[in-house]
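Inside the fold
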Amino acid sequence: MATSTSFVFSNLSIFFLVMATTNGQAPAPTPSGPTNITAVLEKAGQFTMFIRLLKSTQASDQINTQLNSSSSQGLTVFAPTDNAFSSLKSGTLNSLSDQQKVQLVQFHVLPTLLTMPQFQTVSNPLRTQAGDGQNGNFPLNITSSGNQVNITTGVVSATVANSVYSDKQLAIYQVDQVLLPLAMFGSSAAPAPAPEKGGGSVSKGSPSGGDDGGDSTDSSDAERTGFGLIATVAAIAAASSLWI
């Protein structure tokens, strides 16, 4: 009897111990919020200038809002390193208007999520958040060979160094150059027109633009010849009158 009672009390103790342990457990953590792009870049390091540009243009807020949208197809971001910004010509960013700075950031963002293998099958030019590449203003072309991915904009060529971050919503890739769009930097890359030779006005009678002064010399010679003929005729007429 004592053994049976001990067995019952033992089972009851185990039951209450299990119940107490279950009730004392912390609730399961709620799903984390949307990925914060600036937090990811800050953790990765070496993207201080790009983070500053994202914040000053408020593009980071727009990106985070898009990532939280149920209709989002994900985003791909090409993040230039601080060294990439340092290689820009002095005053490049300061010469841009606020709207152009927004477009510059948007040119580094694709409105779809692309994994590394997908770079091999994309159709160029890719559409960025700055605009459609088909119109020639914001073309972004990607070529892939093995593990190497290259990006061309019509102004610069960049290389995807590695993957910084990737989840189901966002992919961030490190690039070694700031991606300069053709619409904003194409004219500055074109060579300046060569100055016109000679610098003087071209006479209307000249058949070509290169006037070396030979026509004016020929004209002066003809005028002198004409005056000489007139003088000769006048002298003959004067002599004839004397004989008459």
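Coordinates for the structure precede this section.
Read on for a plain summary of the structure. Nothing here was measured: the structure is a model prediction, and the numbers come from that model.

Observations concerning the overall build of the chain
Across its full length, the chain carries eight helices and six strands. Overall, the chain shows an N-to-C arrangement of helices and strands of α-α-α-α-β-α-α-β-β-β-β-β-α-α. Looking at the chain as a whole, 29% of its 244 residues are labelled buried. In the chain, the share of contacts with a sequence separation of at least 24, taken over all contacts with a separation of at least 6, comes to 62%. By element, 55% of the accessible surface of the chain is carried by carbon and sulfur atoms, the whole surface being about 15,800 Å².

Overview of the sheet that holds strand β4 (residues 148-152)
Spatially, six strands are ordered β2-β1-β6-β5-β4-β3 in an open sheet, and the strand pairing comes out mixed. Looking at the sheet topology across the chains shown, the edges are occupied by β2 (109-110) and β3 (141-145). Bridging between strand β5 (residues 157-166) and strand β6 (residues 170-175) involves five bridges; their strand directions are antiparallel. Residue pairing across strands places Y165 opposite I172, the latter belonging to β6.

Considerations on unusual backbone geometry
Looking along the chain, the bond that leaves N124 and enters P125 is cis, with omega of -10 degrees. Residue position: P125 is located in the loop between β2 and β3. At Q46, a residue that is not glycine, the phi angle is positive and equals roughly 60 degrees. If you trace the backbone, Q46 turns up in the loop between α2 (37-44) and α3 (48-56). The exposure class assigned to Q46 is partly exposed, which follows from its relative accessible area of 42%. A positive phi angle, near 60 degrees, is found at Q58, a position not held by glycine.

Some points on the pairing of β6
With six of six residues buried, β6 is to be regarded as a mostly interior element. Strand direction decides the pairing type here: strand β1 (residues 75-80) and β6, joined by six bridges, are parallel. Of the residues in β6, the one forming a bridge with V77 is I172. Hairpin connection, β5 to β6: the antiparallel pair is bridged by three residues.

Definitions and cut-offs
- Residues numbered from 1 in each chain as written.
- Predicted model: local features only at pLDDT ≥ 70, side-chain atom pairs only at ≥ 80, totals over all residues.
- Heavy atoms only, no water.
- Helix = DSSP H or I, 4+ residues; strand = E, 2+ residues; numbered from the N terminus.
- Buried < 20%, exposed > 50% of the residue type's maximum accessible area, 1.4 Å probe, protein only.
- Contact = heavy atoms within 4.5 Å.
- Areas by Shrake-Rupley, 256 points an atom, 1.4 Å probe, with all protein chains shown as cover.
- Pairing = 2+ DSSP bridges.

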